[in-house]
Amino acid sequence: MARHFRSQNDFEKDFIGVIEKLSYSRQKWEVWQDLISVMACSISIAVDRTPGRLQKRGKEFEDALDRLGGVELPGKAFDAVVDALDQNPDQDFLGSMYMRLELGSHWTGQFFTPYSISKMMAQITLQELKSHVEARGWVSICDPCIGGGAMLISAANIAKEKNINYHDHMLFVGQDIDAIVGKMAYIQLSLLGCPGYVVIADSITNPLTGDPLMPDEKPNQDFWYTPFYIKDTWVGRRQVRMMDNFLRSITPKEKKHEAGSGYTFYFNFSGGK
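This structure is a prediction, so every number in the text was calculated from the model and none was measured.

*Asks:* Is there a simple way to explain the overall build of the protein chain in this structure?
*Replies:* When its secondary structure is counted, the protein chain shows 12 helices and seven strands. Burial analysis of the protein chain (273 residues in total) assigns 50% to the buried set. Restricting the contact set of the protein chain to residue pairs at least 6 apart, pairs at least 24 apart contribute 74%. When the accessible surface of the protein chain is totalled, it reaches about 13,400 Å², and 55% of it is carbon and sulfur.

*Asks:* I keep staring at the pattern of salt bridges and nothing clicks. Help me out?
*Replies:* Close approach of charged atoms allows side chains with opposite charge to pair. A full pass over the atoms with the stated rule returns 13 salt bridges. Its salt-bridge partner being Arg241, residue Asp211 comes within 2.5 Å of it at the nearest N-O pair. Here the residue Asp211 occupies a position in strand β4 (residues 210-211), and Arg241 occupies one in helix α12 (residues 232-250), the gap between them amounting to 30 residues. The exposure class assigned to Asp211 is buried, which follows from its relative accessible area of 19%. Under the relative-accessibility criterion, Arg241 is labelled buried at 14%.

*Asks:* Whenever I open this one, unusual backbone geometry confuses me. Can you help?
*Replies:* Phi is mostly negative for residues that are not glycine, and the peptide bonds are mostly trans. The phi dihedral of Glu102 falls on the positive side, at around 55°, and the residue is not glycine. Positionally, Glu102 belongs in the loop between α5 (93-100) and α6 (104-107). Non-glycine residue Asn163 carries a positive phi angle of around 60°. With respect to the helices, strands and loops of the structure, Asn163 is situated in the loop between α9 (150-161) and α10 (166-169).

*Asks:* I tried to follow the packing of α5 against helix α11 (residues 179-191) on my own but got confused; where do I start?
*Replies:* Two quantities define a packed helix pair, namely the angle between the helix axes and the distance between the axes. Across the interface, α5 lies against α11 with an axial gap of 9 Å and an inter-helix angle of 145°. Contacts between α5 and α11 involve Phe93, Leu94, Gly95 and Tyr98 from the former and Val181, Met184, Ile187 and Gln188 from the latter. Grouping the amino acids of the contact of α5 with α11 by side-chain chemistry returns six nonpolar, two polar and no charged.

*Asks:* Looking at this structure, I do not really get the pairing of strand β1 (residues 139-143). What am I missing?
*Replies:* Two faces make up the sheet, and in a regular strand the side chains alternate between them. Counting buried residues in β1 gives five out of five residues, a clear majority hidden from the surface. Here β1 shows a buried face lined by Val139, Ile141 and Asp143 and a second buried face lined by Ser140 and Cys142. The sheet contact formed by β1 and strand β2 (residues 170-176) spans five bridges and is parallel. Note on β2: the bridge partner recorded for Val139 is Met170.

The rules behind the values
- Residues numbered from 1 in each chain as written.
- Predicted model: local features only at pLDDT ≥ 70, side-chain atom pairs only at ≥ 80, totals over all residues.
- Heavy atoms only, no water.
- Helix = DSSP H or I, 4+ residues; strand = E, 2+ residues; numbered from the N terminus.
- Buried < 20%, exposed > 50% of the residue type's maximum accessible area, 1.4 Å probe, protein only.
- Contact = heavy atoms within 4.5 Å.
- Areas by Shrake-Rupley, 256 points an atom, 1.4 Å probe, with all protein chains shown as cover.
- Salt bridge = Lys/Arg side-chain N within 4 Å of Asp/Glu carboxyl O.
- Axes fitted to C-alpha atoms, helices over the stretch in contact; angles between N-to-C directions.
- Nonpolar A, V, L, I, M, F, W, Y, C, P; charged D, E, K, R; others polar.
- Pairing = 2+ DSSP bridges.

This is the structure in structure tokens:
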């Protein structure tokens, strides 16, 4: 039997319908916050078994689900996100819903750049993407003000247009001071199969540091690793990097960059990394 086609508008209606049903006795921003927490934590719990994070996110998941009244409606909202991105990966679904529901003004007057503009900016920045991947084996893409993830989502889609397998050759790195929008980016990058992580912290006063493959986890930084970050390809690269760092420490010699050492593209640079 042929699969029933549903439009993007159908997914948006389903998602907004859940928000409206859950907002009869609560503010929309409270419902949004809990829905995003449930989605993000459900992904993280499945892939990141680090004891401290596992317990914390397990409790966050349970508390948010309890406030939402059970799993049925959050599950329907999550299905809408999954299906929307599956049918059209070239979009910032959660960012567009966030703006349509006028939620940005509750926190800090946020305004998300339209996806079409984000993609244009990414195209300008990534003109040499293919040559760097071919020369070095992989690259990292960093957005220190990630918002809902539009710039990194654009980068993944540009890679596809250039016939680059971003699952194996691109590491997606983001940071944001706002936990809610950072988790939005984490959800979408995870569902799109982007290897990498999002860190919740101030990119100016507490910037992400260290090797992109193995970032330094500093106090007051909350790391969210995507499922594809633990893919064998990237685990292997981290193991090679650790061995290389060890050999460098016992035989300190100047070495040029080698193929496979990576290269970082930056978006929206706003503070010292």
